[in-house]
Structure formats: C-alpha cells, structure tokens
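Analysis of the macromolecular model
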Amino acid sequence: MVQKLDYLHESPSQTAGPYVHIGCTPNFTGIGIYGGDLGTSMKTGPVKGLEIIIRGTVFDGTGTPLRDAMVEIWQPDAAGLFPSANETRGAADPNFVGWGRSPGDMNTGEFIFDTVKPGAVPFPDGRMQAPHITAWIVARGINTGLHTRIYFEDEPEANAADPILSRIEHQNRIPTLLASKQPDGSYRFDVHLQGPNETIFFDM
Amino acid sequence: MSILNGPPKSGGFIPRDRVWQPDALTPPYKTSVKRSPQAALLSFPTTLSEETSPVFGHSILGDLDNDLILNYAKSGESAIGPRIIVHGRVLDENGRGVPGALLEFWQANAGGRYRHKKESYQAALDPNFGGCGRTITAEDGSYEFRTIQPGPYPWPNGMNDWRPAHIHFSIFGHGFAQRLITQMYFEGDPHIKLCPIVGILKTQEAIDALTAPLDMNRTVPMDSRAFKFDIVLRGQRQTYFENRKEGL
Ligand SMILES: [Fe+3]
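Residues numbered from 1 in each chain as written. Chains lettered and ligands numbered in written order. Predicted model: local features only at pLDDT ≥ 70, side-chain atom pairs only at ≥ 80, totals over all residues. Heavy atoms only, no water.

- Chain B is annotated in an unreviewed UniProt entry as Protocatechuate 3,4-dioxygenase beta chain of Pelagimonas varians.

- An unreviewed UniProt entry lists chain A under the name Protocatechuate 3,4-dioxygenase alpha chain, with Pelagimonas varians as the source organism.
- UniProt lists a comment for chain A under the heading Sequence similarities (unreviewed entry), and it reads "Belongs to the intradiol ring-cleavage dioxygenase family." (UniProt positions renumbered as here; feature names shortened; annotations may be inferred.)

1. A short note on the overall build of chain A
- Regarding its fold elements, chain A presents two helices and 11 strands.
- Shown N-terminal to C-terminal, the secondary structure of chain A runs as helices and strands in the order α-β-β-β-β-β-β-β-α-β-β-β-β.
- Principal-axis analysis of the C-alpha atoms gives chain A an extent of 65 × 45 × 40 Å.
- Taking all 204 residues of chain A together, 59% fall into the buried category.
- Nonlocal contacts in chain A, meaning residues at least 24 apart in sequence, comprise 66% of its contacts between residues at least 6 apart.
- As displayed, chain A offers around 8100 Å² of accessible surface, 53% of which is attributable to carbon and sulfur atoms.
- If you average the places of the 15 positive and of the 24 negative side-chain charges in chain A, the two averages end up 1 Å apart. (Helix = DSSP H or I, 4+ residues; strand = E, 2+ residues; numbered from the N terminus. Buried < 20%, exposed > 50% of the residue type's maximum accessible area, 1.4 Å probe, protein only. Contact = heavy atoms within 4.5 Å. Areas by Shrake-Rupley, 256 points an atom, 1.4 Å probe, with all protein chains shown as cover. Lys, Arg positive; Asp, Glu negative; His and termini not counted. Charge placed at Lys NZ, Arg CZ, Asp CG, Glu CD.)

2. Focus on the environment of Asp208(B)
All names here are of chain B.
- Among the secondary structure elements, Asp208 is positioned in helix 2 (residues 204-209).
- Residue classification places Asp208 among the partly exposed residues on the basis of a relative accessible area of 45%.
- With 23 residues separating them in the primary sequence, Asp208 and Tyr185 have C-alpha atoms 8.9 Å apart.

3. What to know about the nonpolar core
- Formed by 71 residues in total, the largest nonpolar core has its most connected members in Phe169(B) and Ile231(B).
- For this core, the element with the highest residue contribution is strand 9 (residues 180-186) of chain B, accounting for five residues.
- When near neighbours in sequence (up to four residues on either side) are disregarded, Ile231(B) contacts Ser11(A), Arg89(B), Val90(B), Leu91(B), Leu103(B), Tyr143(B), Phe169(B), Ile171(B) and Leu180(B).
- Counting residues in each nonpolar core, the second largest holds 27 residues, with Ile142(A), Leu146(A), Tyr187(A) and Leu193(A) among its members. (Core = buried A, V, L, I, M, F, W, Y, C linked by side-chain atoms within 4.5 Å.)

4. Things to note about the UniProt feature "domain: Intradiol ring-cleavage dioxygenases" (unreviewed entry) in chain A
- Within this structure's numbering, the places UniProt gives as "domain: Intradiol ring-cleavage dioxygenases" (unreviewed entry) are residues 54-82 of chain A.
- Taken end to end, residues 54-82 of chain A has its terminal C-alpha atoms 19 Å apart, with 0% of it in helix and 34% in strand.

5. Remarks on unusual backbone geometry
Residues and elements named next belong to chain B.
- Not every positive phi belongs to a glycine, and Met222 is a case in point at roughly 65°.
- Mapped onto the elements, Met222 comes out in the loop between strand 10 (211-212) and strand 11 (225-228).
- Classification of Met222 as exposed rests on a relative accessible area of 88%.

6. A closer look at the packing of aromatic side chains
Residue and element names in this part refer to chain B.
- Scanning the entire structure with this criterion turns up 18 aromatic pairs over all chains.
- Taking 5.8 Å as the distance between ring centres and 65° as the angle between the ring planes, the aromatic pair formed by Tyr29 and Trp155 counts as edge-to-face. Taken together, the residues Tyr29 in the segment before strand 1 (42-43) and Trp155 in strand 6 (residues 153-155) connect sequence positions 126 residues apart. Across the pair, exposure class does not vary: Tyr29 and Trp155 are buried alike.
- Taking 6.2 Å as the distance between ring centres and 90° as the angle between the ring planes, the aromatic pair formed by Tyr121 and Trp162 counts as edge-to-face. Placement of Tyr121 in the loop between strand 3 (102-106) and strand 4 (132-136) and of Trp162 in strand 7 (residues 161-163) is noted, with a sequence separation of 41 residues between them.
- Judged by its relative accessible area of 31%, Trp162 is partly exposed.
- Three or more aromatic residues joined by ring pairs form one cluster here, namely Phe105, Tyr143, Phe145, Phe169 and Phe229. (Phe/Tyr/Trp six-rings, centres within 6.5 Å; stacked < 30°, edge-to-face > 60°.)

7. Details of empty space enclosed by the protein
Residues and elements named next belong to chain A.
- By the definition in use, this model includes one cavity of 30 Å³ or more.
- Within this model, the largest cavity holds a volume of roughly 30 Å³.
- Along its surface, the largest cavity is lined by Val58, Leu66, Ala69, Met70, Val71, Ser102, Pro103, Gly104, Gly109 and Phe111.
- Along the lines of polarity and charge, the residues of the lining of the largest cavity split into seven nonpolar, three polar and no charged. (1 Å grid on protein atoms, 1.4 Å probe; cavity = no way out; pocket = protein on both sides within 12 Å on 5 of 7 lines; lining within 4 Å. Points joined across faces, edges and corners; volume = space filled by probe spheres on them. Nonpolar A, V, L, I, M, F, W, Y, C, P; charged D, E, K, R; others polar.)

8. Looking at the pairing of strand 3 (residues 70-74) of chain A
All names here are of chain A.
- For strand 3, the buried fraction is high: five of the five residues fall into the buried class.
- Burial along strand 3 is two-sided: the face carrying Met70, Glu72 and Trp74 and the face carrying Val71 and Ile73 are both buried.
- Where strand 3 and strand 6 (residues 132-138) come together, five bridges link them in antiparallel fashion. Paired with Met70 across the bridge in strand 6 is Val138.
- Of the pairings in the sheet, the one linking strand 3 to strand 4 (residues 99-102) comprises four bridges and is antiparallel in character. Directly across from Val71, in strand 4, lies its bridge partner Ser102. (Pairing = 2+ DSSP bridges.)

9. A word on the coordination of the iron ion
Residue and element names in this part refer to chain B.
- In this structure, Tyr114 (OH), Tyr153 (OH), His166 (NE2) and His168 (NE2) serve as the protein donors to the iron ion, at separations of 2.0 to 2.2 Å.
- Classification of the site at the iron ion as irregular follows from its four donor atoms and the range of 88 to 161° in their angles at the metal.
- For the iron ion, the single-chain donor residues occur in sequence as Y-x38-Y-x12-H-x1-H. Here Tyr153, found in strand 6, pairs with His166, found in strand 8 (residues 166-172); they are 13 residues apart in sequence, far enough to count as distant.
- Looking at Tyr153, the relative accessible area reads 7%, which means it is buried.
- Judged by relative accessible area, His166 falls into the buried class, the value being 2%. (Donors = N, O, S within 2.8 Å, 3.2 Å for Na, K, Ca; no water. Tetrahedral: all angles 85-135°; square planar, octahedral: opposite > 155°, others 65-115°.)

The structure is reproduced here in structure tokens:
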C-alpha cells in the first residue's frame, strides 16, 4: 500500500433540467423574488470600446431550437482585462460586468447579449489569443454544462494566429466558433448540439 | 455587484475528470439523445478566460434570499411542508473551502410541483412558495439555507418515471472553469435507485456524493430537521517550481 492521495472528486454534474430559469432567472419566469435577474445587464454605465449585440439560438440534433436553455457568457473588457478578483494585470473598465446570462426568448429560444467587443488576452505561453468570449450552455438533456468560445468572423488575422484555433485538427469546423456580422451590425452565434454543423465544445 | 479580492492563484485548473463525470449521451435519459454533442470535446489547458470569473458580493443578497420558507410567502404566512435546513461547505478538489461562491438553488414544493408555466403535474401550487433562493459562501466555504423538503414528482421520460426529491444547485467558484450545476438528493429516498437522471452517474460513490445525509447535529429542536450537502469544485494546480528556463 502507498499513502492515500486525498484529493476530493469534483461533485458530479447533473442536468439543469427544464426549470433552470426558476433558480437562475426567477423574474423571467414571473417569480419576482429578487430585485432583478442576475446577468441581465453587462454594463453599469458608459463603457469603453465597441458596443456590440450578439444573438443566437441553440439547436438540438433535429434542428429544433431549445427553448429551455440558459446561456452564460464571460469575457474581458475592450482592453482585454477581466472584471474579476483573479485579474492581476490591471483594473478592468469599472462599468463593465464581463458576465451575462440569457434565458432565451420564451417562444423562439433566441438569446441576446448587449456587450462590448472583447480585447485580446494572452495564452499561458504569452502568445496573444484572438478576441473571444467564453460561453457556457446548460439545459434539460445536457448532463454537463457545455463550454464553447465565441470568436469573431471579422478578425481573420487574429483568428489565424490564435494558439487554440490554429491547433484544431478539423479546420473545417472552425466556422462553428465564429460569430458572423449581420446587416444590422449585430453578430449572430448559433449553437448546434449535434449534426453536420455541431459546434466545437471544449474540455478546458 | 462588487469585487471580492482574493489572493491571485496560478497553475490553471485541474482537468475535469471525464471518467468520473457523467457522459453526454445517456439514452435512458431520453432528452440527452438529441442534445449530446457527438464529436469529442476539444481539450486545452485553462487560460485566463477560464481562470477568472465574475465575483458576487454579499451586497446582492436580500435578507430572505436564503429562506425559501418565507421569501415568497405573504406576510405572517409561510410555505407548507417539512421544514429543513440545508447546509454544508463548498470545497475545491484540494479540500480547501471556497469563500465568496454564489449558490443559486431551486426546487419543487412539498407536493412535488414547480412554479412554472410549463409544469403539468397536478399537485397543488403552494401560494406561499416560490421555489428559489441563493446565498454566498462564508470565508471557510460554508453556507446554509432554510426551505421545505421538496416532494418527488413524475416526469415524461419512461411511462412511469419519478424524480427523487431533489434540490437543484448552480455554483460559481473563482474561475469560470469551475462553473457547475448539480442536484442534491435526500438520504433514504427509494426513488434514487430508480431514477434515469441519477442513473447517468457511473458509480455508487458518485451517487453518494450527491446524496445529503440527515444531520441531527444541525436540526433546530421542535422546528427544522437538517441535511448536510458539501459541494466540490475543480481545484487549481499548485505551481511551486516556476524557476525553470523557457523551453525546459
Ligand atoms: Fe427538478
């Protein structure tokens, strides 16, 4: 026998179920219990940088939109600084929250985030990553929350040099990680849980 | 939302143990069949994007946010059902308490009914029970809240599937990599071994990790029973040796 490695196991994940919105966005479900739902607004005042809107829909393997998902995003400010206690490189824009949570539209399931275009953040080895937003998707039928990243179609040079994107074997899947610019100036980022356009999900 | 200052950490998060965690595709839980990614997840070490996280200060909390017996009840009234205290600690895989973690929880009422438009179970709504609450862990990672014990409820999966009594938990730690949603079950519930959602857990040890024991030490005599539920988030790798030359 050897000594015991007494690390703990991470708690097993379980599905958020069909009623995740009761717990995470109760006001959205009509339970007016807190002042407002967390993550509704990513800005507490005027922010620096380019303000952008991101819309999207989560689709299942049959192409049906999910109407019971919850999507969260997490990102740095326009200068690439996170409004986080763990940010040691400088102070982020005080009016930028960096985190957003969307329950999706009650009827269509479309999620929407009113945010800023993120600045670049270094990879652990010091190289710069392309501007990106971390996205996390939970819903009934999803056993462990899915991590993906929203990169920007209109950043081709930064994307080409990105340490993660450039290491992806199936380069033909990279468009699943790109938010596309729409005629009205907003970005669209749809998530496909399965199928020929299955979004790349990360195990970070 | 305020920023809680903590000591900076380094080394990245320990990879999630995908052998221990449930698979994405678990056909007895039917909804997973068309909602599970089929390609392999792409593995990368965590970067700043996953090692940072929003931090929620205690200032967001209202006085009754951690009291589901009262937080939706009319003045002078309270939710119906067995009164319980749920308490425990949020720890990381290294066994350290996680302070400042935001916990959000939601549940059915004592009859097994959720307050939701899409809920179709005929059990009665409790006019004094909303079904959600939240709290933030203390310096040692501890938390507690008061609620009523939820009832089991039927759900459309097999012809006669019932969920064990459970409370859903959403947890924010110190890095977005730690983001977790899970469920707490109650010791002794005979539905635990019958439930297809519990059934996605791969070992008895994993089921036990989500099953809260009755904790008589924390009961309030003649008032509430107590259940203890510890939650473990991913740990950070400790890097003591950083004096290597580049490339070695
Ligand atoms: Fe439930």
